[in-house]
Amino acid sequence: MEEIAWSDFEKVILCVGTIIDAQDFPKAKKPAYQLQIDFGAEIGVRKSSAQITAHYTREDLIGRQIVAVVNFPRKQIANFFSECLVTGFADANGDIVLTAVDKAVPNGTRLS
């Protein structure tokens with residue numbers, strides 16, 4: 001495992017946001033959703049593609065707070081531009097389980 005400097009970690013902006021919309025993403029190579037995530041007034045609403053269909057329905061996602069990297073450049077996935085990276089961990093089958101907060105915090109709160 002490669003070690004990084006503290007200054008490298010400080011460059012990554014991980015924030016809490018609330019999923020406000022989730023749509024199927026049929027043009028993705030692997031099953032995925034197109035998400036709209038509210039990160040509060042300072043960051044605003046960002047879009048992301050997430051391969052989380054194994055554990056979550058669209059209805060399960062609405063209102064859920066997640067943790068995302070908000071300072072990556074936009075990335076085109078098929079006909080969609082992802083504006084943040086939703087974080088998660090692979091389970092024993094390789095399916096993604098979302099990173100989330102234990103208690104509600106204001107949207108846009110940065111990991112500290």
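Residues numbered from 1 in each chain as written. Predicted model: local features only at pLDDT ≥ 70, side-chain atom pairs only at ≥ 80, totals over all residues. Heavy atoms only, no water.

A. The state of the cysteines, seen in detail. Summed over the entire model, instances satisfying the criterion amount to zero disulfides. Of all cysteine sulfurs, the one in Cys-84 lies closest to Cys-15, which takes part in no disulfide; the gap is 9.8 Å. (Disulfide = S-S within 2.5 Å.)

B. Structural view of the packing of aromatic side chains. For the structure shown, the criterion picks out two aromatic pairs. Their ring planes at 45° and their centres at 5.3 Å tell us that Trp-6 and Phe-9 sit as a pair that is tilted. Separated by three residues within a single helix, Trp-6 and Phe-9 lie in helix H1 (residues 6-11), roughly one turn from each other. Aromatic side chains Phe-25 and Phe-80 sit 5.4 Å apart centroid to centroid with 55° between the ring planes, which places their arrangement in the tilted category. Remark: Phe-80 occurs in strand S6 (residues 80-82) and Phe-25 occurs in the loop between strand S1 (14-24) and strand S2 (33-38); sequence separation between them is 55 residues. Under the relative-accessibility criterion, Phe-25 is labelled buried at 4%. The exposure class assigned to Phe-80 is buried, which follows from its relative accessible area of 8%. A cation over a ring is seen here: Arg-74 above Phe-81, with NZ or CZ 4.1 Å from the ring centre. (Phe/Tyr/Trp six-rings, centres within 6.5 Å; stacked < 30°, edge-to-face > 60°. Helix = DSSP H or I, 4+ residues; strand = E, 2+ residues; numbered from the N terminus. Buried < 20%, exposed > 50% of the residue type's maximum accessible area, 1.4 Å probe, protein only. Lys NZ or Arg CZ within 6 Å of the ring centre and 35° of its normal.)

Note that every value here comes from positions in space, so none of it alone points to a role or purpose.
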